[in-house]
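# Reading the structure
Here's the letter readout for the chains.
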Amino acid sequence: MEDMIFYDRLQFAFTITFHYIFPQLTMGLSLIIVLFKFQFLRTKIEKYNDAAKFLMKIFAINFTMGVITGIPMEFQFGTNWAKFSELTGGIIGQTLAMEGLFSFFLESSFLALFIFGEKLMGQRLHFLTGLLVFIGSWASGYLILATNAWMQHPVGYEILENGRFVLTNFSELFTNPWLMPAFLHNQMASLVTSSFVLASIGAFYVLRNKQVEFGRLFLKSGVILGLISSLLVAFPTGDWNAKNMAKYQPGAFAAMEGIFETEHAGAEIVLIGQPNMVEKKLDNKLAVPNVLSFLTYQDWNMQIKGMDQFEEDELPDNIPALYYSYHIMVGLGTIFLGIMALAVFLLWRKKLFKSKAILWTILFLFPFPYIANITGWYTAELGRQPYLVYGLLRTADGVSPNVSSGNTLFTLLGFMGLYLILGLLFVLLVGKTIHQGPTPKKH
Amino acid sequence: MEIFWYSLIGIILVIFFILDGYDFGTGIIHLFYAKKEKDKEVITKAAGLFWDSNEVWLVAAGGMLFMAFPTYYASVFSGLYLPLIIVLWLIIFRALGLELRGQFNYQMWKDIWDKAFGVSSLLLTLFFGIALGNVLRGVNLGGVEGTEGIYEGHYFFLPLWSHDFSPLSTHPGVIDWFTIIIGIIAVVTIAIHGANWVILKTNASINEKLKKVRFRLGIALVILTLFSLSIWNLINPEAYSNFAEHPYFIIFPLIYITGLAGILMSHKFKKEITPFICSTLLIVGGIISSISSMFPVILPSTNDIHESLTIYNTSTSEYGMNTAFIWGIIGVILIIVYFIIQKRLTTGKVDKMDYGH
């Protein structure tokens, strides 16, 4: 049984991590494409249109990858988490089915039109199709976040005698206090990824002295959007989420912040340290007193519950992983702010395009927002443990009772092999598109 | 409300098999009949331009099934664990074939991805047919051994095959001789559909030959259909009584027969779209006839201890289904609108169409 849960969790974690490489780029990128296309309509400068069309090619590759790695996610609810599906399908099925019907169709239909139909439709309609792709991709994110928000903080339900959850109030799924902060935080994080990728492509062109005109455009837009989104992802959206954690999942909050013991006169904020699960303390800690209490409650002396206040089986089952995920996310977010602020400063002083050091830094910065996004999701998902539906349904009670661990291990290995090939080919395709650049002719 | 959701999910699944069916079929035709590079390229394009927007329908059907019949979703997806995961891998592999073929211009690269596309289309169709066969035959719900089940009454687990490959044994596997026959019928039907699509959408040099192939496949389908009908009684003794009980269900087999007759007379039709409509009728009639023979059962039990799964004992609450009814109607209208807009812009032969890359 332990084995079963372990392999089911590992398979879901692996496939969702791989899947989320793609949507986090497409959601932010669709907004950037709309902005470029809008800029073209306003100024009639061809460069913006070429930029939008070029980015849509990258979008399309990512979208296809997102589709083919997304279908396994939907299937896995039934295949590996049958008990969970049976018990909660009546509720999370609502938002998941809506995602398929409202956003997925919108995104895929109008993506095809954007790519095929520029000449047929004229510029205004072409802009409109781009806008609809953007709306579809954000609606998709919204509905997935609504699903996750229900699992983090269940609302509008009733539990029947046989243990099944049924919906009693549809609109509460969307007024869930967990939803909006999580959605905005997630979207801003996705914008961080896509603006960093944009800036990175720009730095590549400028350093290579090829497609320089586009290189400068991408760099400029990338660092400006990168700074704005790095700010918004921390404040206010990240802050709202942390407050939600403290309010609705205090045990998980203590674990992610690394507070083993309750401090009565205000909690310190841990910058660095290693959780020691044997002695229940942080080793090699570097912390600032009272700041966490202030950030969370705007009161320097407010008490924050430590992990000692919770039963063992109510706390997340992998505290170090949760703690490290959260601190990696926050740490990277802080570094992003610093680098982007510097880049925007150099842009303002007209030195950005000449400064080799910062261009190389930006070029190789693009993997890190992916890591920050994924560790952010690990924080949310590990923090919800040991529950699937917080406080109500334990993860151990959600797996398929009839699928053995051997079968899951077999399919996990299969996914790993197939995704390796998929990943290599993805890099090849995106690399080729970037290499060709927005205009096929040599500059 | 159960009947509404049952019908809507059924319709969406049938639309999925019509739409993705033509690109599966295109893959099968490509595998066996495309020899010249020019034909290979244009036939791949006839599927490559459309497959991703067709697969969206599968996601929609899956989501709705999850919402309206969560117990069924949980039962079937976990019970058919191995074949479903294999289907997922094939879907991914097939997409790779379609998307990668055109990326590099040398023959061996193209050959590799052509085969990936063709073989996975063939196997996917076979597995979807086998899955339908399993649903028609029923499974050992509850995993009953003797008089006791090892799971709750709505769970089961099927091995890929059992030692005798017999659908009549107490522990049938996913693959047995009955489900294989259904699988082959699916492959032949989809191959006809694919041939029609290739003829309709391309100017490939094999189109004349495909018309002959289509006729031969039609004859094969007549024989297979008669054979499967004659053994159906063994699998499900009550299959025909459902049609007696609900006489209007008889329309679905009639749709199938019309489609089949149309395929055999295709050489008389002037428009290329007419045979395509006939193979569409084949798919509609074939799937709905088989499913409606069981109505309201959606997964028969092969033992006497646990009752079959029906649309009534696997559905969610009335409130949930009613709420979803409202957004479901709006959603369906929207997707029909998108679909019409998209199809209007992609009519005609694909030979000259741009991949968009």
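Keep in mind the model is a prediction, meaning the values are calculated, not measured.

Before going further, it helps to spend a moment on the overall build of chain A. What chain A contains, in helices and strands, is 15 helices and six strands. For chain A, the C-alpha radius of gyration of 23 Å lies close to 22 Å, the compact-globule estimate for 443 residues. Dimensions along the principal axes, computed over C-alpha positions, put chain A at roughly 65 × 50 × 40 Å. Per-residue burial for chain A yields a buried fraction of 61% across its 443 residues. Sequence-distant contacts, at least 24 apart, represent 76% of the contacts inside chain A between residues at least 6 apart. As displayed, chain A has an accessible area near 17800 Å², and 66% of this comes from carbon and sulfur atoms. Each charge sign in chain A was given a centre, from 31 positive and 30 negative side chains, and these centres are 23 Å apart.

Turning our attention to helix H15 (residues 405–436) of chain A. The terminal C-alpha atoms of H15 of chain A, which comprises 32 residues, lie 46 Å apart, in line with the 46 Å expected from a rise of 1.5 Å per residue. Just downstream of H15 of chain A, Gly437 of chain A is the residue with a positive phi angle, here 80 degrees.

Moving on, we come to the environment of Phe426 of chain A. All names here are of chain A. Among the secondary structure elements, Phe426 is positioned in helix H15. According to the relative accessible area criterion, Phe426 is buried, its value standing at 15%. In this structure the C-alpha to C-alpha distance between Phe426 and Ala82, which are 344 residues apart in sequence, comes to 31 Å. Those residues in contact with Phe426 that sit more than four places away from it in its chain are Phe22, Ile61, Asn62 and Met65.

With that settled, the discussion passes to the interface of chain A and chain B. If you look at the interface, chain A gives 61 residues, while chain B gives 66 residues. With both sides pooled, the region where chain A packs onto chain B buries about 5900 Å², and carbon together with sulfur makes up 77% of that total. Counting every contact that joins chain A to chain B gives one salt bridge. Broken down by element, the residue count for the side of chain A that touches chain B peaks at 24 residues, all from helix H4 (residues 82–116) of chain A. Taken together, the residues of the side of chain A that touches chain B sort by class into 35 nonpolar, 20 polar and six charged.

Let's shift gears to the pattern of salt bridges. Taken as a whole and assessed by the stated rule, the structure comprises 20 salt bridges over all chains. Close ionic contact of Glu118 of chain A with Lys37 of chain A constitutes a salt bridge, the shortest N to O distance being 3.9 Å. Of the two residues, Glu118 of chain A sits in helix H5 (residues 118–121) while Lys37 of chain A sits in helix H2 (residues 23–43), which places them 81 residues apart along the sequence. Across this residue pair, the class does not change: Glu118 of chain A and Lys37 of chain A are buried. Arg101 of chain B is the salt-bridge partner of Glu37 of chain B, the closest N and O atoms lying 3.4 Å from each other. Residue Glu37 of chain B is located in helix H2 (residues 37–48), and its partner Arg101 of chain B is located in the loop between helix H5 (81–100) and helix H6 (107–137); the two are separated by 64 residues in the primary sequence. Salt bridges here are not isolated pairs; linked through shared partners, they connect Lys83, Glu86 and Arg164 of chain A together with Glu152 of chain B.

Residues and elements named next belong to chain B. Running from N to C, H6 and helix H7 (residues 177–201) point in directions that differ by 135 degrees, and their axes come no closer than 7 Å. Comparing the axis directions of H6 and H7 gives the class oblique. Like other packed secondary-structure pairs, H6 and H7 cross with a definite hand, here right-handed. Between H6 and H7, the residues in contact are Leu122, Thr125, Leu126, Gly129, Ile130, Leu132, Gly133, Asn134, Leu136 and Arg137 and Phe178, Thr179, Ile180, Ile182, Gly183, Ile184, Ala186, Val187 and Ile190, respectively. Of the residues contributing to the contact of H6 with H7, the split by class is 12 nonpolar, six polar and one charged.

For the rest of this paragraph, the subject is the confidence of the model for chain A. Overall, the prediction assigns chain A a mean pLDDT of 91, with 99% of residues at 70 or greater. Within chain A, the element-level pLDDT minimum falls on H5 of chain A, averaging 79, and the maximum on helix H14 (residues 367–384) of chain A, averaging 96.

A surface patch of nonpolar side chains, amounting to about 490 Å² of accessible area, comprises Leu428 of chain A together with Phe104, Tyr106, Met108 and Ile112 of chain B. Mapped onto the secondary structure, Tyr106 of chain B falls in the loop between H5 and H6.

Turning our attention to the side chain of Glu55 of chain B. Position of Glu55 of chain B among the secondary structure elements: in helix H3 (residues 51–68). When sequence neighbours within four positions are dropped, the list of residues in contact with Glu55 of chain B reads Ile71 of chain A together with Phe16, Asp20, Ile91 and Arg94 of chain B.

A few words on the packing of H7 of chain B against helix H11 (residues 273–292) of chain B. Residues and elements named next belong to chain B. Contact pair H7 / H11: the axes reach a minimum separation of 9 Å and the direction vectors enclose 155 degrees. The angle between the axes of H7 and H11 places the two elements in the roughly antiparallel class. For the pair H7 and H11, the crossing hand works out as left-handed. Residues Thr189, Ile190, Ile192, His193, Asn196, Trp197 and Leu200 of H7 form the contact with H11, whose own contacting residues are Ile273, Pro275, Phe276, Ser279, Thr280, Leu282 and Ile283. Its residues placed into classes, the contact of H7 with H11 shows nine nonpolar, five polar and no charged.

Conventions we followed
- Residues numbered from 1 in each chain as written.
- Chains lettered and ligands numbered in written order.
- Predicted model: local features only at pLDDT ≥ 70, side-chain atom pairs only at ≥ 80, totals over all residues.
- Heavy atoms only, no water.
- Helix = DSSP H or I, 4+ residues; strand = E, 2+ residues; numbered from the N terminus.
- Rg over C-alpha atoms; globule rule 2.2 N^0.38 Å.
- Buried < 20%, exposed > 50% of the residue type's maximum accessible area, 1.4 Å probe, protein only.
- Contact = heavy atoms within 4.5 Å.
- Areas by Shrake-Rupley, 256 points an atom, 1.4 Å probe, with all protein chains shown as cover.
- Lys, Arg positive; Asp, Glu negative; His and termini not counted.
- Charge placed at Lys NZ, Arg CZ, Asp CG, Glu CD.
- Expected span 1.5 Å × (residues − 1).
- Buried area = accessible area lost by both parts, 1.4 Å probe.
- Salt bridge = Lys/Arg side-chain N within 4 Å of Asp/Glu carboxyl O.
- Nonpolar A, V, L, I, M, F, W, Y, C, P; charged D, E, K, R; others polar.
- Axes fitted to C-alpha atoms, helices over the stretch in contact; angles between N-to-C directions.
- Parallel < 35°, antiparallel > 145°, perpendicular 65-115°, else oblique.
- Left-handed = near helix turned anticlockwise from the far one by under 90°.
- pLDDT = per-residue confidence, 0-100.
- Patch = residues over 30% accessible without salt bridge, like charges linked within 9 Å, V, L, I, M, F, W, Y side chains within 5 Å.

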